[in-house]
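So the chains spell out like this:
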Amino acid sequence: MCLAIPGRIVEFAAEPSFAVVDVTGVRRKVNVDLLRPDGLAVDDWVLIHVGFAMSRISAEQAEEQLRLLTMLGEATLAAEEVEGYQFE
Amino acid sequence: MKYVDEFRDPQLIRRTADEIRRLMEPGRHYRFMEVCGGHTHAIYRFGLEDLLPDSIELVHGPGCPVCVLPMGRVDDGLALAVEHGAIVTAFGDMMRVPGRRGSPLEHIARGADIRMVYSPLDALKLACDNPDRQVVFFAIGFETTAPSTALTLRRARSLGVPNLTVFSNHVTIIPAIRAILDSPDMRIDGFIGPGHVSTVIGCRPYEFVARDYGRPIVVSGFEPLDVLQGIVMILRQLREGRAEVENQYARVVPWEGNLPALQAMAETFELRPYFEWRGLGFISQSALGVSAAYADFDAERRFELPGVRVTDPKAAQCGEVLKGVLKPHRCKLFGRECTPEHPVGALMVSSEGACAAYYNFAHRRARLEEDAAPAPAAAAG
Amino acid sequence: MRSAGAVRFRDPQIEMAHGAGGKASRRLVEGLIAPLLGGPLLGPLMDAAVLELGAERVALTADAFVVRPLRFPGGSIGELAVNGTLNDLAMAAARPAALVVTLVLEAGLAASVLEAEVRAIAAAAERAGVGVVGGDTKVVEHGKADGMYITTTGLGIVDPRARLSPAAVRPGDRVLLSGPIGDHGITILLARGELDFEASLCSDTRPVLPFVERLLDVAADGLRWMRDPTRGGVASALNELAVDTRLGVGLLEEMIPLRDQVRGACELLGLDPLHIANEGQFLAVLAPEVADAALAAVRATPGGEAAALIGEIRTEPAGAVLSTAPYGGARIVDMLVGDPLPRIC
Ligand code: SF4
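This is a predicted model, so every value here is computed, not measured.

Parameters at a glance
Residues numbered from 1 in each chain as written. Chains lettered and ligands numbered in written order. Predicted model: local features only at pLDDT ≥ 70, side-chain atom pairs only at ≥ 80, totals over all residues. Heavy atoms only, no water. Helix = DSSP H or I, 4+ residues; strand = E, 2+ residues; numbered from the N terminus. Rg over C-alpha atoms; globule rule 2.2 N^0.38 Å. Contact = heavy atoms within 4.5 Å. Areas by Shrake-Rupley, 256 points an atom, 1.4 Å probe, with all protein chains shown as cover. Buried area = accessible area lost by both parts, 1.4 Å probe. Salt bridge = Lys/Arg side-chain N within 4 Å of Asp/Glu carboxyl O. Polar contact = N/O pair within 3.5 Å; in protein donor to acceptor, adjacent residues only side chain to side chain. Nonpolar A, V, L, I, M, F, W, Y, C, P; charged D, E, K, R; others polar. Buried < 20%, exposed > 50% of the residue type's maximum accessible area, 1.4 Å probe, protein only. Phe/Tyr/Trp six-rings, centres within 6.5 Å; stacked < 30°, edge-to-face > 60°. Near = heavy atom within 4 Å. Axes fitted to C-alpha atoms, helices over the stretch in contact; angles between N-to-C directions. Parallel < 35°, antiparallel > 145°, perpendicular 65-115°, else oblique. Left-handed = near helix turned anticlockwise from the far one by under 90°. Pairing = 2+ DSSP bridges. Domains from an automatic or database assignment.

Caption draft 1: Local environment of the overall build of chain C. When you go through chain C residue by residue, the secondary structure sums to 8 helices and 14 strands. Relative to its length of 345 residues, chain C is compact, with a C-alpha radius of gyration of 20 Å against a globular reference of 20 Å. Expressed along its principal axes, the backbone C-alpha trace of chain C runs to roughly 55 × 55 × 45 Å. Restricting the contact set of chain C to residue pairs at least 6 apart, pairs at least 24 apart contribute 83%. Approximately 14100 Å² of chain C is accessible, and the part contributed by carbon and sulfur atoms is 57%.

Caption draft 2: Region of interest: the interface of chain A and chain C. Listed per partner, the contact involves 12 residues of chain A and 16 residues of chain C. Summed over both partners, the interface of chain A with chain C comes to about 1200 Å²; 65% of that surface belongs to carbon and sulfur atoms. Inspection of the region where chain A meets chain C yields 0 salt bridges. Here chain A and chain C share 6 residue pairs in polar contact (both at pLDDT 80 or more) between them. Top contributing element to the side of chain A that touches chain C by residue count: strand β3 (residues 26-31) of chain A, with 3 residues. A breakdown of the residues in the side of chain A that touches chain C according to their chemical character gives 7 nonpolar, 3 polar and 2 charged.

Caption draft 3: Structural context of the pattern of salt bridges. Overall, the coordinates contain 59 salt bridges over all chains when judged by the stated rule. Close ionic contact of R8(B) with E267(C) constitutes a salt bridge, the shortest N to O distance being 3.3 Å. One end of the pair, R8(B), is in the segment before α1 (10-23); the other, E267(C), is in helix α7 (residues 260-269), on a second chain. Exposure class is identical for R8(B) and E267(C). Each is buried. Here D18(B) ties to R21(B) by a salt bridge, and the two come within 3.6 Å at their closest N and O atoms. Placement of both D18(B) and R21(B) in helix α1 is noted, with a separation of 3 residues, approximately one turn of the helix. By relative accessible area, which is 37% here, R21(B) ends up partly exposed. Shared partners join several salt bridges into a network, and the residues in it are R95(C), D159(C), R161(C), E213(C), R214(C) and D217(C).

Caption draft 4: Local environment of the environment of G328(C). Tracing the backbone through its elements, the reader meets G328(C) in the loop between β13 (321-324) and β14 (330-333). Ignoring sequence-local partners within four residues, the contact set of G328(C) consists of D50(B) and L51(B).

Caption draft 5: A look at the packing of aromatic side chains. Tallied over the entire structure, the rule returns 14 aromatic pairs over all chains. Residues W45(A) and Y3(B) carry aromatic rings whose centres are separated by 5.4 Å and whose planes lie at 80 degrees to one another, so their mutual orientation is edge-to-face. On the criterion of chain membership, the pair formed by W45(A) in strand β4 (residues 45-49) and Y3(B) in the segment before α1 is interchain, its members lying in two chains. Using a relative accessible area of 6% as the deciding quantity, one classes Y3(B) as buried.

Caption draft 6: Structural detail: the site of the ligand. For the ligand, the full set of nearby residues is A316(B), Q317(B), C318(B), V321(B), C331(B), F334(B), C338(B), G345(B), L347(B), M348(B) and C355(B). Class assignment of the residues belonging to the shell around the ligand gives a composition of 9 nonpolar, 2 polar and no charged.

Caption draft 7: Summary view of the packing of helix α4 (residues 183-191) of chain C against α7(C). Residues and elements named next belong to chain C. Axis separation between α4 and α7 bottoms out at 10 Å; the angle between their running directions is 60 degrees. The orientation of α4 relative to α7 falls into the category oblique. Like other packed secondary-structure pairs, α4 and α7 cross with a definite hand, here left-handed. Each of D183, I186 and L189 in α4 lies in contact with α7, whose residues at this interface are V262, A265, C266 and L269.

Caption draft 8: Fine view of the sheet that holds strand β8 (residues 217-219) of chain B. Residue and element names in this part refer to chain B. Read across the sheet, 5 strands follow the order β2-β1-β7-β8-β9 without closing on themselves; strand pairing throughout is parallel. The open sheet has two free edges, formed respectively by β2 (56-63) and β9 (245-247), since each of these has just one partner strand. Strand-to-strand twist of the sheet, defined as the mean angle between neighbouring strand axes without regard to direction, takes the value 25 degrees.

Caption draft 9: Quick peek at the interface of chain A and chain B. At the interface, 43 residues of chain A touch 52 residues of chain B. Put simply, D122(B) and R28(A) hold a salt bridge, and the shortest N to O gap is 3.2 Å. With 14 residues, helix α1 (residues 59-83) of chain A is the largest single contributor of residues to the side of chain A that touches chain B.

Caption draft 10: Just unusual backbone geometry, in detail. That bond from R68(C) to P69(C) is cis: its omega, 0 degrees, falls within 30 degrees of zero. One can find P69(C) in the loop between β2 (56-65) and β3 (71-72). Between E316(C) and the following residue, P317(C), the backbone shows a cis peptide bond with an omega angle of -10 degrees. Counting through the fold element by element, P317(C) comes out in the loop between β12 (308-314) and β13. For V50(A), which is not glycine, the phi torsion reads 40 degrees and is therefore positive. Secondary-structure assignment places V50(A) in the loop between β4 and β5 (52-56).

Caption draft 11: Inspection of the domain arrangement of chain C at higher detail. Residues and elements named next belong to chain C. What the domain assignment lists for chain C is domain 1 (47-158) and domain 2 (166-332). Here the C-alpha centroids of domain 1 and domain 2 sit 24 Å apart. Across the boundary between the two partners, domain 1 contributes 20 residues, which contact 23 residues of domain 2. Between domain 1 and domain 2, a total of about 1800 Å² is buried, with carbon and sulfur atoms accounting for 60% of that surface. Three residues, R68, N87 and M91, lead the burial of domain 1 against domain 2; their summed loss comes to 32% of the area buried on that side. Summed over the shared surface of domain 1 and domain 2, the result is 2 salt bridges. Of the charged contacts, one joins R68 and E194 as a salt bridge, the two residues approaching to 3.4 Å between their closest N and O atoms. Between the two partners, domain 1 and domain 2, sit 8 residue pairs in polar contact (both at pLDDT 80 or more). Those elements that place two or more of their residues in the side of domain 1 that touches domain 2 are α2 (77-90) and β5 (94-106). Broken down by class, the residue content of the side of domain 1 that touches domain 2 amounts to 10 nonpolar, 5 polar and 5 charged.

Caption draft 12: The arrangement of the sheet that holds strand β11 (residues 283-286) of chain C in detail. Residues and elements named next belong to chain C. Taken in spatial order, the 7 strands of this open sheet run β9-β11-β8-β12-β10-β13-β14, and their pairing is mixed. Strand pairing shows two members of the sheet lacking a second neighbour, β9 (223-227) and β14, which therefore form its edges. When the angles between neighbouring strand axes are averaged without regard to direction, this sheet yields 25 degrees. For β9 and β11, the ladder comprises 4 bridges, and the chain directions are antiparallel. Of the residues in β11, the one forming a bridge with M226 is A284.

Caption draft 13: Structural view of the side chain of D226(B). Relative to the elements of secondary structure, D226(B) occurs in helix α10 (residues 224-239). Reaching out from D226(B), the side chain makes a polar contact with the side chain of Q65(A) at a distance of 3.0 Å.

This is how it looks when you write it as C-alpha cells:
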C-alpha cells in the first residue's frame, strides 16, 4: 500500500535530520530521523517512502534470502529427480 | 538497481514458481489474500498470476488508502480549498479520486488551489513560503505513511509554523484485517502480509491472525520473488499444518518494527473511536486523528467542515471487491460506467486499487480467456 | 460539401488531461474536433496530413508548444517547437520545405528570454536546412501564458519511396524503437523543481529525419508505420496503433532501452516509463524481412546506437498492447489516463 524504494546514502546534509540518497543516479534529500538510533553511515542502503528513510536494508538478510531461494530451486530439482519428474 | 533487480531474476522466479507447484496438494483450491494494495499492483504489474497455477486464487485486500477513503472525506478535503481558500496539498494518488462535485484535478481546473506534493515536508515548506495563506496537508495512508506526517507535525511545531494544518485520514491495518476475518463470507486460506506497513509496526501485531483465526500470514516484499516466496512460505505452513506469522521480507522489516516511528505517531496522533471505511463501514479504533497535544495543527479543529456522509452509487460493488468477495470485473459497473478515466469508486483510481489494476493490466486478458473458455469453472472455494 | 458529424464529446469542461496525449486527448479529438472539422482532407488521425497536390505528395502539420520551464537541460521551448514539427513531418516520411512560427507572449516576458528562444528557433531550423517563411506574434496579459507559447506549422515533401499505411501492418511485423525512452518527460518533471530530485538527465529533443532517411534507404518497402511517442509516451502511441489496426502489439520488456536515471526516477515516483514523453525518438513497424537491416541502419546513424527491436505485431490481444517480462509474466500496457501523476501508494 505504499511505494518505497531502496536508495544508498551518499552524504549527510548540513541539517541534522537529513541525508542525500541516490537511486540509480537520481538524488534527493530525505529525512532520516526514524533511523537515527541505528547509527546510519554513508553507503548504507535505506528504504525511502515520501521523502523519509523508513528502514535500513540488511545486506545479510538479502543475501540469506537469495541463498534460500537458490537452495529451494536446487531442492526442487533434486526432488524431481527422486520423484521421476512426476510434476513435469 | 540494487535490492530490486536481484529479486526479479528470471531463473529464480521460474524455480520459485516450480516450488509453488510442488507444494500444492492435488485437487485443493487455495485462496490467499494480499492485504496490501502494493501487492495487488505488483501482482498485475509483474504479471505474477501468469506464473501461478489456476488453483491458487489471489484475493485483493483493503490495503489501499485511497480506495478505503469514503467520498465524504474527499469532499471535506476539497471544501478546505473551495470554502476556506486554503492551499490544499495532497499526494498525486488523490488527484483523480472522485468527490461529489468532482476530483481534486477537476477542482483545480475550476480554480481551487490544490497542489501535489511528494512528501508532507513539501507541504511544510509551502506553508513557510506562503505565510499569509493557510496550508493544509491532506494526509492519507496506513502506518507506513503516518510517521512521515507525524515527523512533519513535530517539525512544524518546533519551527513554530502557524499556518500549516493536517487533515488526517490515516488508517491502521490491523482492524481492517480483523474486520475481514470476522466477515461471514470469509474464505481465505492464508494472508500475504503487508511489507512496508510492517517496517513500522513490526510482525507481532499479526499474531492474532494465526492464534485466533488459525490462518498463516507471511509478511512479504513487493518484488516478484518476494511475493512468490511469500506464497511458498504460506503453502509450507499449510502443508505442515502450521499457522504462524512469518517474515519473508526480513531484509527490510525488523520483527519489532520501528520504535521512533511508533513514538512519533503516539505523540502526534490519537486513535479515533471509530472511522468509516469505504466498503467496510464503520470500524472502531481504526484511524488516527491529530492528537490533543497538536490540536493547533489539526485541520478538523481549525476549520468548519461539511462532514456529510455520501453513500456510494447503489450499483457500485466496491465493498464486496474490497472484502475480496467479488472479483473486480464482476462488478456491474466495471469497464462500463466505471473506468480509470471516469471512476465511480476509488478502487478504479489508485493504481493499487484492485479495479484499476485489473482494468489496466489484466481485464482484457481475463475477457479473452473467458471468450476462449465460455464456461469458466467459477472457483468454488 | 462537408457535413458536420455528431459530437460525442461529453466531458463538461477541459482539463489538463485533455492535453496530455492519452485517452482524454483522443476522446477530445475524435469526439469533438474531428466530427466538426473532419472534411475529406482530414484523413486518419496521424501527426501530419498527407495531401496530393498535383504530382507531389505534401505533408502538412501544426503543433503547439507549452512547456514549463521554458529552458530545461538539453533544450528549450524554441528548439522543441522546431524539432517537434519536423518530427511530425518525418513521421510521414516528409522532408521539411518550410516552417511558419507563431509566438504568443506574456506581457512581462524579458526580452532577453525571447531573444534566446528566437535564436533557438533559428538554430534548429538552420540545422535542419529549412527556412522560417512566416509567422505571427501576439501578446497576452501578464499571468496568462507561462512566459510564451509557440505554434509551428510545417510543410514537407513526402519521399516518393515511402509506402506508409497503418492498413499495411501485419501480424509478424517487428516494432523498432530508436533509443532510450522517457528522457524528455522526466527531465521536465525534475526541472520544475517541485519534487526536489536531482539527476544529470537531458531532454532528448532532436530531429529524427536522419534516421528516417536511412530507413527509407534500406527498408522503404517494408516500412509500414511510424510515430514519435511524445506526450503519452510509447504506450499511448502503440495503443493507438493497436486500436487503429485491430491487431495486438507484443513487447519484450527487457528489450526496451531505458536509462538508469529515468528508471530510478520512475521507480521512486511510481510512474511507468512507457507513459513518459519523448521528443527525439520514434517507433517504426517493419516487415520482418527488413527489420534487421533497418535496425542496423538506425544503429549506424549517430545517436541511434541504442535503437532496438522491442516487439512484434500479433493477432492477439486485438486492440491492445501486451508486455512480457523475461520470467514470463505479462501485463496489458494501457494508454495513459490523464497526466502522469507521481504516486506514493
Ligand atoms: S468497478 Fe468501480 S464501482 Fe465497481 S467495485 Fe470497482 S471501483 Fe467500485
